[in-house]
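# Coordinate analysis (summary)
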Amino acid sequence: MSGRVEKVPDFIVVGVDGSTHAREALRAAIRQAELTDSIVHAVMAWEWPSIFSVPETAPGDEGLSFEEQALRRLAEAVEEVTGPGPQPRVRQRVTQGSATQVLLDAAEDAALLVVGSRGYGGFKGIMLGSVSQHLAQYAHCSVLIVREPEGD
């Protein structure tokens, strides 16, 4: 019995939070996917705000749920990097939970996990954010941590 087995493409998970570091990570993930004929899973995590914080609503987000706001922000971030129109190599996913756990779960069977060195949290002088540091320690796949280009 001769059967032809089709190879399922590998996938690369990239964490997207709207920061400039995340945009660079998305660019790097797309370049790597092109080189390895892989699919990019652009993942954004969202969390319910604590009772002590008042979330800012971006223009156009009025009346949207937190998940819908995250979906909108992810789509905007992907379009900013890839340009308008369909992107057959990029899949978008929004998941509730902490960024660290959402990305660890998403990358469970991934070939590569790509993140920016820092997101929106933290301090400007820190080279590695807490999420990227945690992912580098605990991810089950290789992790690429991308910095902003010099001068930014």
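For the structure, see preceding data.
Structure report, in brief. All of these numbers come straight from a predicted model, not from anything done at the bench. (Residues numbered from 1 in each chain as written. Predicted model: local features only at pLDDT ≥ 70, side-chain atom pairs only at ≥ 80, totals over all residues. Heavy atoms only, no water.)

Here we take up the packing of aromatic side chains. Scanning the entire structure with this criterion turns up three aromatic pairs. Their ring planes at 25° and their centres at 6.4 Å tell us that W46 and F66 sit as a pair that is stacked. Taken together, the positions of W46 in strand β2 (residues 39-46) and F66 in helix α2 (residues 66-82) put the pair 20 residues apart, joining distant regions of the chain. A relative accessible area of 11% means that W46 is categorised as buried. (Phe/Tyr/Trp six-rings, centres within 6.5 Å; stacked < 30°, edge-to-face > 60°. Helix = DSSP H or I, 4+ residues; strand = E, 2+ residues; numbered from the N terminus. Buried < 20%, exposed > 50% of the residue type's maximum accessible area, 1.4 Å probe, protein only.)

What follows covers the pattern of salt bridges. Side chains carrying opposite charge are able to pair once their charged atoms draw close together. According to the stated counting rule, one finds four salt bridges in the structure shown. Two residues, R27 and E24, come together in a salt bridge whose shortest N-O distance is 2.9 Å. Here E24 and R27 lie together in helix α1 (residues 20-36), a separation of three residues that amounts to about one turn. In this structure, the salt-bridge partner of R89 is D37, at a minimum N-O distance of 3.7 Å. Taken together, the positions of R89 in the loop between α2 and β3 (90-96) and D37 in the loop between α1 and β2 put the pair 52 residues apart, joining distant regions of the chain. Judged by its relative accessible area of 25%, R89 is partly exposed. (Salt bridge = Lys/Arg side-chain N within 4 Å of Asp/Glu carboxyl O.)

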